[in-house]
Amino acid sequence: MAIGVLSLLGFQLVDSAFIARLGTAPLAAQSFTFPLSFLIIGVQVGMGIAIAAQISRSLGAGDSARARRLGSLVLVVGAAVIGVLALLLWVLQAPIFLRLGADASTLELIRDYWAPQLLAAWLGAAIYFGYSLFRAHGNTRLPGSMMVMTSLVNLLLDPLLIFGVGSWEGLGLPGAAWATVVAFATGLVVLGWQVGRTNWLARHGLVEELRASARSFAGIAGPAMISQLMPPLAAMLAIAVVASQGEAQVAAWGLASRLETLSLMVVLAMTMSLPPWLGRCYGAGDWDQVHRLMRLALRVIIVWQLALGLLMALAAPWVALALSGNPEVRDDLALLIRFLLPSYAALGVCMIVVSAGNALGWPLRAMLMSGARLFVFYLPCLALGAWLGGFLGLAAGAAIGNLMAGFAAWCVLRRILASPRRRARVA
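Under an unreviewed UniProt entry, the protein has the name MATE family efflux transporter and belongs to Halomonas marinisediminis. You can read under Subcellular location (unreviewed entry) in the UniProt record for the protein the words "Cell inner membrane".

Helix and strand content of the protein: 14 helices and 0 strands. In the protein, the succession of α and β elements from N to C terminus is α-α-α-α-α-α-α-α-α-α-α-α-α-α. Relative to the 2.2 N^0.38 estimate, which gives 22 Å for 427 residues, the radius of gyration of the protein is 21 Å and therefore close to what a compact globule would have. Its C-alpha atoms give the protein principal-axis dimensions of about 60 × 45 × 35 Å. Looking at the protein as a whole, 57% of its 427 residues qualify as buried. Counting only carbon and sulfur atoms, one obtains 68% of the accessible surface of the protein, whose full area is about 17,700 Å². Looking at charge distribution, the protein has the averaged site of its 28 positive side-chain charges lying 18 Å from that of its 16 negative ones.

By the element assignment, S72 lies in helix α3 (residues 64-91). The residues touching S72, leaving out its near neighbours within four places in the chain, are L201, A202 and L206.

Let's shift gears to the confidence of the model for the protein. Summary statistics for the protein give a mean pLDDT of 83 and a share of 91% for residues scoring 70 or more. Summarising per-element confidence for the protein, the mean pLDDT is lowest in helix α1 (residues 2-20) (66) and highest in helix α7 (residues 173-196) (91).

A few words on the environment of T271. With respect to the helices, strands and loops of the structure, T271 is situated in helix α10 (residues 265-284). As for T271 and L70, which are separated by 201 residues in sequence, their C-alpha atoms are 21 Å apart. Residues contacting T271, with those up to four places away along its chain left out, are M351, I352 and S355.

Over its 33 residues, helix α5 (residues 104-136) runs 45 Å from end to end, which matches the ideal 48 Å to within 8%, given 1.5 Å per residue. Roughly 35 degrees is the biggest bend found in α5, and it falls at W114, with proline P116 one to four residues downstream. G138 sits one or two positions beyond α5 and adopts a positive phi of about 85 degrees.

Moving on, we come to the pattern of salt bridges. Under the counting rule described, the total for this entry stands at 1 salt bridge. Among the ionic pairs, R111 bridges to E108, the shortest N-O distance being 2.8 Å. Of the two residues, R111 and E108 both sit in helix α5, 3 residues apart, roughly one turn of that helix.

Within soluble globular proteins, side chains that are nonpolar generally end up buried alongside one another. Within the largest apolar cluster, 129 residues are counted, with the highest numbers of intra-cluster contacts made by F97, W253, L278 and I352. For this core, the element with the most residues is helix α14 (residues 363-417), which contributes 19 residues. Setting aside chain neighbours within four positions, we find F97 in contact with F32, T33, L36, A102, L107, I110 and W114.

This next bit is on the packing of aromatic side chains. For the structure shown, the criterion picks out 5 aromatic pairs. Relative to W114, the ring of F97 has its centre 5.5 Å away and its plane inclined at 85 degrees; by these criteria the two rings are edge-to-face. Here F97, found in helix α4 (residues 93-100), pairs with W114, found in helix α5; they are 17 residues apart in sequence, far enough to count as distant. Like W114, F97 is buried. For the pair Y128 and F129, a centre-to-centre distance of 6.4 Å together with 65 degrees between the ring planes defines the contact as edge-to-face. Residue Y128 is classed as buried on the basis of its relative accessible area of 10%. Using a relative accessible area of 1% as the deciding quantity, one classes F129 as buried. Stacked on the ring of W193, the Lys or Arg R197 has its end atom at 4.9 Å from the ring centre.

Below, the discussion takes up the environment of G124. Mapping G124 onto the fold places it in helix α5. Look at G124 and you get buried, because its relative accessible area is 13%. Leave out the neighbours within four places in its chain, and G124 touches Q44 and F184.

Residues L119, W122, L160, V165, W168, L171 and W178 make up a contiguous nonpolar surface patch of roughly 630 Å² in combined accessible area. Inspection of the secondary structure assignment puts L119 in helix α5.

In this section: the packing of α10 against helix α11 (residues 287-314). Viewed as axis vectors pointing N to C, α10 and α11 meet at an angle of 175 degrees, and their least axial separation amounts to 10 Å. On the basis of their axis angle, the class for α10 and α11 is roughly antiparallel. Judged by residue contacts, M265, V266, V267, M270, L274, W277, L278, C281 and Y282 of α10 engage W287, Q289, V290, L293, M294, A297, V300, I301, W304 and Q305 from α11. Here the residues of the contact of α10 with α11 sort into 17 nonpolar, 2 polar and no charged.

Rules used throughout
Residues numbered from 1 in each chain as written. Predicted model: local features only at pLDDT ≥ 70, side-chain atom pairs only at ≥ 80, totals over all residues. Heavy atoms only, no water. UniProt positions renumbered as here; feature names shortened; annotations may be inferred. Helix = DSSP H or I, 4+ residues; strand = E, 2+ residues; numbered from the N terminus. Rg over C-alpha atoms; globule rule 2.2 N^0.38 Å. Buried < 20%, exposed > 50% of the residue type's maximum accessible area, 1.4 Å probe, protein only. Areas by Shrake-Rupley, 256 points an atom, 1.4 Å probe, with all protein chains shown as cover. Lys, Arg positive; Asp, Glu negative; His and termini not counted. Charge placed at Lys NZ, Arg CZ, Asp CG, Glu CD. Contact = heavy atoms within 4.5 Å. pLDDT = per-residue confidence, 0-100. Expected span 1.5 Å × (residues − 1). Bend = angle between axes of the 7 residues up to and from the residue. Salt bridge = Lys/Arg side-chain N within 4 Å of Asp/Glu carboxyl O. Core = buried A, V, L, I, M, F, W, Y, C linked by side-chain atoms within 4.5 Å. Phe/Tyr/Trp six-rings, centres within 6.5 Å; stacked < 30°, edge-to-face > 60°. Lys NZ or Arg CZ within 6 Å of the ring centre and 35° of its normal. Patch = residues over 30% accessible without salt bridge, like charges linked within 9 Å, V, L, I, M, F, W, Y side chains within 5 Å. Axes fitted to C-alpha atoms, helices over the stretch in contact; angles between N-to-C directions. Parallel < 35°, antiparallel > 145°, perpendicular 65-115°, else oblique. Nonpolar A, V, L, I, M, F, W, Y, C, P; charged D, E, K, R; others polar.

So, in structure tokens, the structure goes:
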């Protein structure tokens, strides 16, 4: 699963690296779309968390028939919800991007890119719901393999569609989105064929199951989606702060955002693969195993992210050089790498705790932790740092916010698991 997440996030970073070769303006235009792309991802991840939790709990309780009905429902409802959201974001694009700080010329670049990007987002969401179905049944190998496949297709098409071939000059910025459309469409066909070979879906009793499960599904999906929607909202506010620093700084922030998701590959893989196992333990009442899984996950995350962050901080000038040819963008990106990458060890702790909370029946607490991370720690520190020290202060403030959030999440987890009914018999 980690390899699949690495490949998926890697092609997104390569997308931005290719676009950086088009110039600062196209890269800044793509960077303005990140918060809204994260908004769609937030909705789909929130629903995916509910999918995995509900189905894995049903399987843990031995109710495979209900698991099949839930599998069918979430695929249909999830695709419909994301489709409506994508349509709204297309209609409202001009006022949204103008409020984020985009000027008229940047808005023209965004308009050509946004339609295929929204189509790619819908296809990606449909694939993600299929991945959630496989993960809930304990199969993480296929989702990982599919992520690798779609990433390779995208990487092959990116340079062709962006820069062209022969006498054809290519599509420029929209070419990156169309490459993703083709990659996700190919993956969706293959995934549909794989799902058809299983017995995980049902055709009958769906309406009755919808009525019976709507409240419990909403009880998980609602807080989970709110938790997942908070990062896009925070990203919108952050990009507005960064936009006040200049176009080159927006471009550097966009590249750093892509690098962030890539550097968090192990964390993201765990947030997808760990909840089904925790959900089964929750359904079986096995709190000893919950404690063991959480201890292992947190140790892996802290060691891995600290080692990776320090290595990337040392290599920051060369990494920035590989991602951008613009000297101003390159210098700002190197600054962000030095401050932010080591702080992702603490951010990873917070992400794992939030993901575990949704799987273990604490969706409200998970939502509150996610909100506190962004709006109590991260954004205030970022804004204060920008006000006091410009772009340097902004980078330092964002890192301090991550460290504070990770420590707070660890304290909350310790307190929750220390309650008598959740305490492990063998520590």
